[in-house]
Amino acid sequence: MQESAKPWVLALDQPFMEGIATWPDERFEYRYFGGHHMLQLCLGKLSERDIAAFVRGQVHVGFYLRQAVLFILFKIENLMDWSDQAFTLHLVAPEDRELLPHIPGTHQGLSLVLVEAESGLVKGMRLVTYSKHASALLHRVLQQQLETPFDAGRHAALVAAVYRQYPHSRLLAKAAVLIEKAGGQQ
């Protein structure tokens, strides 16, 4: 019998990850585990206004595709302009890669976690949803990734080529196959 992993518990003013006291400023990481989608935003010199903007600001999301590489775009009004994260399930731990079945007409949730770069502490959490269309598209792209043989060198070259073509996230957003306001502002 396999021993179950310790659950990952997030709480305000507690470390995002045990043993990590600082994170690079303006680091963004899209995480996938156990069917859950999470966007970690590490920002430095956070003010109360920044935290309020994170909690209440309209979240915009988008997808840019280059072959099997997915670039997830995001911005939060009054906090940050467009940014992005290249993502492939092949770089997720094997035990977390399982893609849960998509139920047509449902909304995929996206957890957002604001981490203070200087302290590593969680300063905000919220949940938004992708639209039905974006949820279905995301599932199809991730399924395609799982079905496509992975070559790390080819993946890195594709990511680098996209960033040469679109050196700023706002340019990548203009070329995206999907841009939308996230729903379920909770």
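Within any chain, residue numbers begin from 1 and follow the written order of that chain's sequence. Local features are withheld for residues below a pLDDT of 70 in this predicted model, meaning they are given only at 70 or higher, and side-chain atom pairs are given and counted only at 80 or more; totals for whole chains, interfaces and linings count all residues. Each side-chain value is derived from all of the structure's non-hydrogen atoms; neither hydrogens nor water enter the calculation.

Caption draft 1: Inspection of the sheet that holds strand β5 (residues 80–87) at higher detail. In space, the 4 strands of this open sheet follow the order β5-β4-β3-β8, with antiparallel pairing throughout. Because the sheet does not close on itself, it has two edges, and the strands there are β5 and β8 (178–181). Neighbour-to-neighbour, the strand axes of the sheet open up by a mean angle of 15 degrees, direction not taken into account. When DSSP finds two or more bridges between two strands, those strands count as paired. Only runs of H or I of at least four residues qualify as helices and only runs of E of at least two qualify as strands under DSSP, and these elements are numbered from the N terminus. As judged from the 6 bridges shared by strand β4 (residues 69–76) and β5, these two strands associate in the antiparallel manner. Within β5, the position partnered with Phe 71 by the bridge is Ala 86. Only the contacting stretch of a helix is used when fitting its axis, a line to C-alpha atoms as for every element, and angles between N-to-C directions run 0 to 180 degrees.

Caption draft 2: Summary view of the environment of Ala 93. Inspection of the secondary structure assignment puts Ala 93 in the loop between β5 and β6 (109–116). The exposure class assigned to Ala 93 is partly exposed, which follows from its relative accessible area of 31%. Note: C-alpha distance between Ala 93 and Phe 33 (60 residues apart in sequence) is 8.3 Å. Three labels apply to residues, based on accessible area from a 1.4 Å probe with only protein chains included: buried if under 20% of the type maximum, exposed if over 50%, partly exposed otherwise in between.

Caption draft 3: Up close: the pattern of salt bridges. The rule for a salt bridge is simple: a side-chain nitrogen of Lys or Arg has to be within 4 Å of a carboxyl oxygen of Asp or Glu. A full pass over the atoms with the stated rule returns 3 salt bridges. Glu 29 is the salt-bridge partner of Arg 31, the closest N and O atoms lying 3.6 Å from each other. On the basis of relative accessibility, which here comes to 13%, the residue Arg 31 falls in the buried class. Beyond isolated ion pairs, a larger network of salt bridges with shared partners links Arg 27, Glu 29 and Arg 31.

Caption draft 4: Broad picture of the pairing of strand β7 (residues 122–129). Across 7 bridges, the pairing between β6 and β7 is antiparallel. For Leu 110, the partnering residue across the bridge sits in β7 and is Val 128. Counted between consecutive antiparallel strands, the loop separating β6 from β7 contains 5 residues, among which Gly 120 sits at a positive phi close to 75 degrees.

Caption draft 5: Main features of the sheet that holds strand β2 (residues 36–43). With mixed pairing, the 4 strands of this open sheet are ordered in space as β1-β2-β6-β7. At either margin of the open sheet sits one strand with a lone partner, and together these are β1 (27–33) and β7. Between one strand axis and the next, the sheet turns by 20 degrees as a mean value, whatever way the strands run. As paired strands, β1 and β2 are joined by 7 bridges and run antiparallel to one another. Of the residues in β2, the one forming a bridge with Phe 28 is Leu 41. The contact rule is simple, with two residues in contact once any of their heavy atoms fall within 4.5 Å. In the packing of helix α1 (residues 48–56) onto the sheet, contacts are made with β2, β6 and β7, and the angle to β7 comes to roughly 20 degrees.

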